[in-house]
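In case you want the letters, here they are:
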Amino acid sequence: MSLRLRLNLLVAMLNLGFLVALCALLAGEHRKSIEEETEAAHRVAVQLLGTAVQTSRLLGGGAPDMAAFLQSLGRVRGNEIRFRAGDGRIAYSSPPSSYKAGREAPEWFARLMQPRLEATVIGLPGARLEILPEPSRSILDAWDSLLPVIGLGFAFVIVLHALLWFLLRHLLQPTEADARRLVATTRELADQRAVSRLVHERVEEERKRVARELHDELGQSLTAIRLIATSLGRGEPAAQSQGIAKISEIAAGLYDSVHRIVRELRPAVLEQPDLAAAVDDLAREWRTRHPELVLDTELEGDLGDLGETTTLALFRAVQEALTNVLKHAAATRVALRLVRDEAEVRLDVTDDGCGGASLATGSRHGLAGMRERIAALGGTVQAGPAPEGGFRVSITVPLSGANS
Ligand SMILES: Nc1ncnc2c1ncn2[C@@H]1O[C@H](COP(=O)(O)OP(=O)(O)O)[C@@H](O)[C@H]1O
Ligand SMILES: [Mg+2]
């Protein structure tokens, strides 16, 4: 069942409940007043006719006089008067009321409103007078006054529901903006799920890489030290001093390896978050390692106080973009431009390589992770072939809000 229908039914039930309660209250009031009115009218009629019968007795009048009196009296309000002769035959019956003549309240309503009043019988020599309470006019009045209230109530409920039905249709219909938001949120959720999966995979890869490095770099060196140390006790003094020199050489290599691994795990940029210094260091190392590639750097503005999160995100973006150049671009030149102004930091890494047509197969997590990291800072990443050839990664990070 739709929400619209459910709301309508709920309001309908409340309205009908209210209407029924109102009708019951009004009907109860009317019933009480019909009973009081009929009882009062009956008492007056009984008194009047009782007095008439006594007077007639005193004056020695007979049944015909009584019938003539009743004839002249006509109808007494709220009562029916019957005069029966000794044999039970009705000698006189009061005429029907001319008030709202020919009309009656519905039978069920009349039964509901009917007061419980007894008829009164007055005996006369050789005849009897029956006075019966007759509330049909009062009941008809009550019906006539209740009918517009009930009709109006139902008309109100129907109009209200028609309005509610159309109103709810508009109110409950998602607007175009809602639909767009929903689609965007669904997309975002899907992206987030994909990114969190990538992050997990990346963490696992990183663990394996660190384990491999530790094994390859440290394991072999430590085994060599152990072997040399074991042979030291048995060898000649000359061989011993050679062994000690070898151990010292391996230990120095070990120190370098540990230093490199630690630097990769926690870059120096985190110790002192100055992006300019960190990028300069990285560029220097890169030029030494890859002399065949020309790396131009251009750093502008104060890049020393961007905060740890922004600094690290941009540093990792530079690392990833440069690694991609090596992996995918087949370039001869790379230009790295990092500019900070009042409102934002912009990073552009452009190469003169193949421009995205790389055949190298990678994990394809690098740019996705970069996007996620920069998006968390409210920034944007654009990556793709540059119009003038080659590949370009352009990043913008605003400097207000969460970039600390
Ligand atoms: N400098 C670049 N030159 C050419 N293609 C690139 C460059 N950088 C990225 N790409 C393309 O974009 C893809 C996605 O890069 P990335 O997300 O870093 O994943 P991965 O490096 O693991 O392949 C790469 O596979 C490559 O095809
Ligand atoms: Mg990559």
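Residues numbered from 1 in each chain as written. Chains lettered and ligands numbered in written order. Predicted model: local features only at pLDDT ≥ 70, side-chain atom pairs only at ≥ 80, totals over all residues. Heavy atoms only, no water.

### Some thoughts on unusual backbone geometry
Among all residues except glycine, the phi angle is most often negative; among peptide bonds, the trans geometry is most common. The cut-off we apply is this: Put simply, DSSP H or I for four residues or longer makes a helix, DSSP E for two residues or longer makes a strand, and each gets a number counted from the N terminus.
In the Ramachandran plot, Lys100 falls in the positive-phi region, its phi being about 50° despite a non-glycine side chain. By the element assignment, Lys100 lies in the loop between β2 (90-93) and α3 (107-113).

### As for the environment of Gly356
Here is the rule we go by: The cut-offs for exposure are 20% and 50% of the maximum accessible area for each residue type, with area from a 1.4 Å probe on protein chains only; residues under the lower value are buried, those over the upper are exposed, and the others partly exposed.
Along the chain, Gly356 turns up in the loop between β7 (344-351) and α10 (366-375). When its relative accessible area of 48% is taken as the criterion, Gly356 is described as partly exposed. Residues Gly356 and Arg212, spaced 144 residues apart in sequence, show a C-alpha to C-alpha distance of 31 Å.

### Comments concerning helix α9 (residues 308-329)
Filter applied, for reference: The span one expects for a helix is its residue count, reduced by one, times 1.5 Å.
The end-to-end C-alpha distance of α9 is 30 Å, a good match for the 32 Å that 22 residues give at a rise of 1.5 Å each. Two residues or fewer past α9, Ala330 is found with a positive phi of approximately 55°.

### Quick look at the domain arrangement of the protein
Cut-off, in case you're wondering: Segmentation into domains, and thus their bounds, comes from an automatic or database assignment. Whether two residues are in contact is decided by their heavy atoms, any of which lying within 4.5 Å being enough. Here the quantity called buried area is the accessible surface, traced with a 1.4 Å probe, that two parts lose on coming together, added over both. Put simply, a salt bridge is a Lys or Arg side-chain nitrogen that is within 4 Å of an Asp or Glu carboxyl oxygen. Polar here means any residue other than Ala, Val, Leu, Ile, Met, Phe, Trp, Tyr, Cys and Pro, which are nonpolar, and Asp, Glu, Lys and Arg, which are charged; Gly is therefore polar.
Here the protein is described as being made up of domain 1 (3-172), domain 2 (177-265) and domain 3 (269-404). Taking only C-alpha atoms into account, the centre of domain 2 sits 24 Å from that of domain 3. Counting from both sides, the interface comprises eight residues of domain 2 and, opposite them, seven residues of domain 3. Summed over both partners, the interface of domain 2 with domain 3 comes to about 610 Å²; 49% of that surface belongs to carbon and sulfur atoms. When the buried surface of domain 2 facing domain 3 is broken down by residue, Val195, Leu198 and Arg202 rank first, second and third, together holding 59% of it. At the junction of domain 2 and domain 3, the tally comes to zero salt bridges. When residues of the side of domain 2 that touches domain 3 are traced back to their parent elements, those giving at least two are α5 (176-232) and α6 (237-265). Broken down by class, the residue content of the side of domain 2 that touches domain 3 amounts to three nonpolar, no polar and five charged.

### Concerning the pairing of strand β3 (residues 120-124)
Test applied: We treat two strands as partners when DSSP finds at least two bridges between them.
In terms of strand pairing, β3 meets strand β4 (residues 127-133) through five bridges, oriented antiparallel. What sits directly across from Val121, in β4, is Glu130. Two successive antiparallel strands, β3 and β4, enclose a turn made up of two residues, where Gly126 displays a positive phi of approximately 75°.

### Concerning a nonpolar patch on the surface
To keep things clear, this is the line we draw: Each patch is built from residues lacking any salt bridge and having more than 30% relative accessible area; the joining distance is 9 Å for like charges and 5 Å for nonpolar side chains (Val, Leu, Ile, Met, Phe, Trp, Tyr). Method for areas: the Shrake-Rupley scheme with a 1.4 Å probe, in which residue coverage is limited to the protein chains shown.
A cluster of nonpolar side chains, contributed by Leu3, Leu7, Leu10, Leu14, Val159, Leu163, Leu167, Leu171 and Leu172, occupies part of the molecular surface with about 860 Å² of accessible area. Residue assignment for the nonpolar patch shows that the elements contributing at least two residues are α1 (3-58) and α4 (136-172). It is α4 that contributes the most residues to the nonpolar patch, five residues altogether. With respect to the secondary-structure elements, Leu10 resides in helix α1. Leu10 gets classed as partly exposed once you look at its relative accessible area, which sits at 48%.

### Quick notes on the environment of Ala105
Along the chain, the position of Ala105 falls in the loop between β2 and α3. The buried category is assigned to Ala105, whose relative accessible area is 11%. Sequence separation of Ala105 and Ala142 is 37 residues, and the distance between their C-alpha atoms is 8.7 Å. Setting aside residues up to four positions removed in sequence, Ala105 forms contacts with Ile139, Leu140 and Trp143.

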